[in-house]
Amino acid sequence: MQIFHTAPQMRAWSRAQQKAGRRVGFVPTMGALHTGHTSLLDEAKRRSDTVVLSIFVNPTQFGPNEDFAKYPRTWEADLALAAAHGVEAIFHPTEDFYPPGYRTQVTVPGWKSVLEGDIRPDHFDGVTSVVTKLFHAVDPDVAVFGQKDAQQALLIRRMVRDLDFGLDLVVAPTVRESDGLALSSRNRYLSENDRRRALVLSRALNASVALWNGGCRNPSEIIAVGRAVLAQDPPDTLDYFTLLDPDSLAVLDADGARQNPCILVAAGRYGTTRLIDNAVLGAVW
Ligand code: AMP
């Protein structure tokens, strides 16, 4: 497994692979790897000949009061997991990934401030900009993202289409604990009691999904049934529990008859830990 710290080194390796006729798969992460991340590595491996993993805790996507400094960093364990899942190269940029005087931003106007973007101003500009830089460094043929961050995946899909990145974007399903909790690097910060309480998020999503699967197409009813489950054991703060149109990013919360696929998105806080989750209704990806 090779480790590269600069974009030119990384790009030279990828280009050599492609010259040798190998398709490069790419999974960008912030490290602290768990089974959710390794499922993306496995998916990338199925769709390519060689897999690159990036590990970079990107400062520009964290707000001033967010957890950048205390975001978990588990380098040795990450290396072991990467090797076990057949990763051939790791891109681990150093601080100078952002050159002195860095100013440029890649932005998806409008979409960057819906729901998650509204609660975390500047977050999605940080994400789309760093993913652009990572794409330029790795130059992948296929990139795999998790549905766990569905709004992020929608923004990146829009950006890839709009700016002709010329790569295949794959969105892989959310990996969960057996009790339904979506795996997240931040779950380790939940107290035992909050971890138990947080199961209400997936239970609420499941209740809404069941209504959709039973044939209901009314957004307000689909949302109401999930919110009723949430109300049984609500998070300390509920940021949102609603439906999104994956093509326009419009929030769908009124009475109506929705036929096209859509995404249920949820976010809540337990103490200082913020969790997000979602479920797709129909074939979104
Ligand atoms: P991060 O945890 O922010 O480093 O995420 C890196 C990638 O892993 C993103 O594409 C996430 O959507 C994805 N990811 C995180 N958690 C999960 C999960 N539980 N299941 C599937 N993918 C995930």
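Attention now moves to the sheet that holds strand β9 (residues 273–281). The 3 strands lie next to each other as β7-β8-β9, forming an open sheet whose pairing is antiparallel. Both outer strands of the open sheet, β7 (237–244) and β9, are each paired with one neighbouring strand and no more. Put simply, the sheet's adjacent strands are angled 10 degrees from each other on average, direction ignored. Set on the sheet, helix α9 (residues 219–232) makes contact with β7, β8 (262–270) and β9; between it and β7 the angle comes to about 155 degrees.

End to end, α9 covers 21 Å across 14 residues, agreeing with the expected 20 Å (1.5 Å per residue, within 8%). Taken together, the buried positions of α9 are occupied by Pro219, Ile222, Ile223, Gly226, Val229 and Leu230. Projected down its long axis, α9 carries its buried residues within an arc of 120 degrees, all on one side. The exposed set on the far side of α9, more than 90 degrees from its buried face, consists of Ala231 and Gln232. Where α9 is buried, its residues contact α8 (199–213), β7, β8 and β9.

With 13 residues, helix α6 (residues 150–162) should cover 18 Å at 1.5 Å per step; its first-to-last C-alpha distance of 18 Å lies within 8% of that length. When you tally the buried positions in α6, you get 10 out of 13 residues, the bulk of the element. Residues of α6 that are buried include every one of Ala150, Gln151, Gln152, Ala153, Leu154, Leu155, Ile156, Arg157, Met159 and Val160, and no others. Aspartate 164 sits one or two residues past α6 and shows a positive phi near 55 degrees.

Tracing the backbone through its elements, the reader meets arginine 157 in helix α6. Buried and unpaired, arginine 157 has no salt bridge, with aspartate 247 as the nearest side chain of opposite charge at 4.1 Å.

With that out of the way, let us pick up the pairing of β8. Burial within β8 is extensive, with 8 of its 9 residues counted as buried. Across 7 bridges, β7 lies against β8 in antiparallel orientation. When the bridges of β8 are listed, tyrosine 240 appears paired with alanine 267. Pairing between β8 and β9: 9 bridges, direction antiparallel. Looking at the pairing, arginine 269 lines up with arginine 274 of β9. What sits between the antiparallel neighbours β8 and β9 is a turn of 2 residues, in which glycine 271 has the positive phi angle 60 degrees.

Conventions and cut-offs
Residues numbered from 1 in each chain as written. Predicted model: local features only at pLDDT ≥ 70, side-chain atom pairs only at ≥ 80, totals over all residues. Heavy atoms only, no water. Pairing = 2+ DSSP bridges. Helix = DSSP H or I, 4+ residues; strand = E, 2+ residues; numbered from the N terminus. Axes fitted to C-alpha atoms, helices over the stretch in contact; angles between N-to-C directions. Contact = heavy atoms within 4.5 Å. Expected span 1.5 Å × (residues − 1). Buried < 20%, exposed > 50% of the residue type's maximum accessible area, 1.4 Å probe, protein only. Arc of directions from axis to C-beta. Lys, Arg positive; Asp, Glu negative; His and termini not counted. Salt bridge = Lys/Arg side-chain N within 4 Å of Asp/Glu carboxyl O.

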